[in-house]
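# Working through the structure, step by step
Each chain is listed here by its residues.
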Amino acid sequence: SELKSSKALKSVNHPNGGRFVSTKAGYGHSLMLDDAGDVWMTTQNGIECILTGKSALAIAAGGNNSAAITAAPTGAKLLKRQFSMEEIEDPTSIVDAVHGMIEDLEGGKGNETNLSQEIARKSEELLRYPSYLNSLFVNPKQLDTLFERLLRACSADAMQELAKAFERGLKGGLDSLRDTRLIHPEAVRCLLQYILFFDIRRDESIVFDLHGETISTFCDTILSLPFEGYKALHSFATLHYTGSLFVKMLVKPLLRTLNVCASHTVDENLVEHFNPSRQAVPVIVAVLSWLYAMAEEQNLAKPADFYSDAVSEINVDTLFSDLYSMKRASPHERSKHFYITQHPFLLSPGCKRNLLQMESQVSQYKAMIGDLHMSESTNDITVEPFFHLEIERDYLVEQTLECIKQADPKDIRKRLRVSFKGEEGLDAGGVTKEFFQLLSEELFDINSGLWSNKYGDDVNWFNSDNTWDEKGYEMIGVLFGLALYNNVLLDVRFPMAVYRKLLGLPLGLEDIVDAELRRGLKQLLDYEGDDVEDIFCLSFEVSWMELGEERRLDLKPDGANIPVANDNREEYVLRYVSWILVDSIKSQWEAFETGVMRIMEDASLDLFLPEELELLVVGSGVLDFKALESNTTYEGGYTAESEVIKNFWRFVNNASTETQVQLLKFAAASTKAPIGGLGKMPFIIQRAGPDSGLLPTSHTCFNTLLLPDYGSDYDKLANNLGRAVLECEGFGLE
């Protein structure tokens, strides 16, 4: 009923041309007091006057169709002069006047200073009186249009005056709400409208709410709402702030404010100076958390819409300290203290990756320190900082799995260092990257027997028929964990359900890998007829082929004899989804998860969303070489204007996708972009001597391409670089 009533909100004008000076909301009605002292009440047909000629001074409403009205005692005229509201214009006329003055500014009519001052005055007037703001802009788009016109029309000086007016108006309006019980949409929606005015900070030169007092008061007002008010605000936000409006008018203004409040500078003495409004950060984050939950529930925004630049750019040591303290805190301590990492929706995937990487480095250091040895004869202390794998390329999988099986658990937690027998590569990261790339090609091959072949070559899903190789799944889990632990990408094609399971998130119909099955179950749920049993002919039983034989299983006791009908089809779908994603692969999954957690048991994977975790594991297939070019640095005498460099980027941009992928593999030992894309990947092109017949080489450990100076000879560069990229494999000295 609240949703329906909020849809019907509309501006109400005085029937006799007067002005309403006060509004109060009861349970199912609203009272209004006009400037003549008459009292009006909303009805199904509009409004009607319920008290006239009594010179009422104040009104109150509450309960079900009841009102308490204070009549004028002796000396009413004196009291009226003392307590009645100051004279202000009709709110609709104020908005019309502001639009008119903006048109004058845009058209160069009138005195700019006077027009700007009058716009600021009228804007402050609207913000100061929530009841008037509530009567306007039922469609938020109207407010957005007015706000954008204001920002475009005002000069820099006028914008600063406007910011001051906004701040005064917001403070006055919020102060007037202090003792008001905010429980109805028509009373609380001004809070949503107020958010947009904090976006005056879109211009970073504007000084606004320097000490964060206004934003703190605003957030406290929202966080102090009674349940009814919260529910009313939720209803109005989800109904009316649709499309891009939710992000533009509610999320972005608060994010920009958070970015200002959380920002800091470092002077020449490396002393950090924090913004004086920093104290507002916890309450801003609390309101953003509420909006984030709303966006998730109603699909109103994407996770990326909530990433905070300022929070993500906080020094990783500071964030790690916050994360470490938060993880050690008890639930009671967490409720009493503010931890920014307790709100990971604000952190970019790159920031989360850096935190996880630092966690791994700390864990690797602990593993190394725990393996100190002292010689009894010489008292010398020795330490082995690495977990070494020495592998033959021809026996890559077999030897790797054997080494993992025989390894001491504490050694596996050290930093991984890989070498290929017969090659002189010193692993500074590049050999490890190639090792995992080659290992992925074999371990995640559909023909290995570990993965189902029902979904083609593009999906790795656990083979429920494979009941004999649980140790194999565990070893794959260990290698999966090692790749995460050592910040190396894997070439694996897991569906999103795998990442959801790793994070302990619930699974649903959308996680079913088989598109045809998913579509069929959805059709069952969406069917509108009352003859489900006759049309679909299903029972609570599943059947499948295993090693050439048909197997059957009841989804519930005696399920084969229980038909699926209208009243139990949702239960059937839930049980079917659970069987497909959980029960049918239980032993395989548990073995795989055990392997992963041998390495990542204490890792903060819960910082990540499933989509972000997938990016962390496999990287992005979107390869923007223009972004890589803009992020490239040059050494050995090369610059972006060198002829050979111009020819190099000409070759890259004209190359086929396959050649581009091979080039990335040649220079960085990866076929995917890391989190953030190629624009976030350090890449160096270094001069490798004068013109010669030598082919380019690379240091994949450092994403460095060693390019001879072929000068302006494009054909020579294209031929030699193409040969190097497509023909070379293995490592020389790194």
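Structure: above.
Small disclaimer: the values here were computed from a predicted structure and weren't measured.

## Digging into the layout of surface pockets
For the second largest pocket, the calculated volume is near 930 Å³. Considering the residues around the second largest pocket, the lining is formed by 34 residues, among which Gln357, Lys433, Asn486, Asn487 and Val488 are closest to the centre. Counting only elements with at least two residues in the lining of the second largest pocket, the list comes to helix H16 (349-369), strand S12 (415-420), helix H19 (430-443) and helix H26 (610-618). A per-class count over the lining of the second largest pocket returns 16 nonpolar, 11 polar and seven charged.

## Overview of empty space enclosed by the protein
A complete count under the given rule lists six cavities of 30 Å³ or more for this structure. In this model, the largest cavity occupies a volume close to 100 Å³. Taken together, Val98, Ser123, Leu126, Leu127, Leu133, Phe137, Leu143, Leu146, Phe147, Leu150 and Phe197 make up the full set of residues lining the largest cavity. Ranked by residues supplied to the lining of the largest cavity, first place goes to helix H6 (residues 140-153) with four residues.

## Some points on the packing of H19 against helix H20 (residues 470-485)
The geometry of H19 relative to H20 is characterised by a closest axis approach of 12 Å and an angle of 150° between their N-to-C directions. One element, H19, and the other, H20, form an angle in the roughly antiparallel class. H19 and H20 meet at a crossing whose hand is left-handed. Where H19 approaches H20, its residues Phe436, Leu439 and Leu443 are matched on the opposing element by Ile476, Leu479, Leu482 and Ala483. Partitioned by chemical class, the residues of the contact of H19 with H20 number seven nonpolar, no polar and no charged.

## Topic: the side chain of threonine 341
Positionally, threonine 341 belongs in the loop between helix H15 (331-336) and H16. For threonine 341, a relative accessible area of 2% puts it in the buried group. From its side chain, threonine 341 meets the backbone nitrogen of leucine 323 in a polar contact 3.5 Å long. Ignoring anything within four residues of it in the chain, the contact list for threonine 341 reads Leu319, Asp322, Leu323, Met326, Leu355 and Leu607.

## Some remarks on helix H24 (residues 569-581)
In this model H24 runs 18 Å from its N-terminal to its C-terminal C-alpha over 13 residues, within 8% of the 18 Å that 1.5 Å per residue would give. Within the sequence span of H24, burial applies to Arg569, Tyr572, Val573, Tyr576, Val577, Trp579, Ile580 and Leu581.

## Here we look at a nonpolar patch on the surface
A cluster of nonpolar side chains, contributed by Tyr365, Ile369, Leu372, Ile381 and Val383, occupies part of the molecular surface with about 460 Å² of accessible area. Along the chain, tyrosine 365 turns up in helix H16.

## As for unusual backbone geometry
For asparagine 299, which is not glycine, the phi torsion reads 55° and is therefore positive. Notably, cysteine 537 is not glycine yet its phi reads approximately 50°, a positive angle. Structurally, cysteine 537 can be placed in the loop between helix H23 (532-536) and strand S13 (541-546).

## Thoughts on H6
Here H6 contains 14 residues, and its C-alpha end-to-end distance of 20 Å stays within 8% of the 20 Å for a straight helix at 1.5 Å per residue. The buried fraction of H6 amounts to 10 of the 14 residues, a majority that puts the element mostly inside the structure. Within the sequence span of H6, burial applies to Pro140, Leu143, Asp144, Leu146, Phe147, Glu148, Arg149, Leu150, Leu151 and Ala153.

## Observations regarding the sheet that holds strand S16 (residues 683-687)
The strand order across the open sheet built from four strands is S15-S16-S18-S17, with neighbouring strands paired in mixed fashion. Taken across any chain shown, the strands that pair with only one partner, and hence form the sheet edges, are strand S15 (632-635) and strand S17 (697-699). Adjacent strand axes in the sheet meet at a mean angle of 25° when their direction is disregarded. Alignment of S16 against strand S18 (residues 704-707), held across four bridges, turns out to be parallel. Each bridged residue has a counterpart across the sheet, and for arginine 687 the counterpart in S18 is leucine 707. Contacts between helix H28 (residues 643-654) and the sheet are confined to S15, S16 and S18, with S16 contributing the most and set at about 135° to the helix. Against the sheet, helix H29 (residues 657-668) engages S16, S17 and S18, with an angle of about 55° to S17.

Rules and cut-offs
- By convention here, each chain's residues receive numbers from 1 onward along its written sequence.
- Local features are withheld for residues below a pLDDT of 70 in this predicted model, meaning they are given only at 70 or higher, and side-chain atom pairs are given and counted only at 80 or more; totals for whole chains, interfaces and linings count all residues.
- Side-chain numbers come from the whole structure's heavy atoms, not from hydrogens or water.
- Lining residues are defined by having an atom within 4 Å of a point belonging to a cavity or pocket. Those points lie on a 1 Å grid over the protein atoms alone, cavities being sets where a 1.4 Å probe fits but cannot get out and pockets being open sets with protein on both sides within 12 Å along at least five of seven lines.
- Grid points are joined across faces, edges and corners, and a volume is the space filled by probe spheres set on the points.
- Each helix is a run of H or I in the DSSP string that is no shorter than four residues. Each strand is a run of E no shorter than two, and both are numbered from the N terminus.
- Each residue gets one label: Ala, Val, Leu, Ile, Met, Phe, Trp, Tyr, Cys and Pro are nonpolar, Asp, Glu, Lys and Arg are charged, and the others, such as Gly, are polar.
- Lines fitted to the C-alpha atoms define the axes, with helices restricted to the stretch that makes contact. Angles between their N-to-C directions range from 0 to 180 degrees.
- For this classification, under 35 degrees means roughly parallel, over 145 means roughly antiparallel, 65 to 115 means roughly perpendicular, and everything else is oblique.
- For any helix crossing, the convention is left-handed if the near helix is rotated counterclockwise from the far helix by under a right angle, and right-handed if that rotation is clockwise.
- By the convention used here, residues are in contact when the closest approach between their heavy atoms is within 4.5 Å.
- For each residue, the accessible area found with a 1.4 Å probe, counting protein chains only, is set against the maximum for its type, and the residue is called buried under 20%, exposed over 50%, and partly exposed in between.
- Polar contacts, as used here, are pairs of N or O atoms within 3.5 Å; protein pairs need one atom able to donate a hydrogen and one able to accept it. Residues neighboring in sequence count only if both atoms are side-chain atoms.
- Here, expected helix span is obtained from the residue count minus one, scaled by 1.5 Å.
- Only residues whose relative accessible area exceeds 30% and that take part in no salt bridge are eligible for patches, with like-charged residues grouped when within 9 Å of each other and nonpolar side chains (Val, Leu, Ile, Met, Phe, Trp, Tyr) grouped when within 5 Å.
- Calculation of accessible area relied on Shrake-Rupley with a 1.4 Å probe; when residues are assessed, cover is drawn exclusively from the protein chains displayed.
- Salt bridges are identified by distance alone: a Lys or Arg side-chain nitrogen within 4 Å of an Asp or Glu carboxyl oxygen.
- Any two strands with at least two DSSP bridges between them are considered paired.

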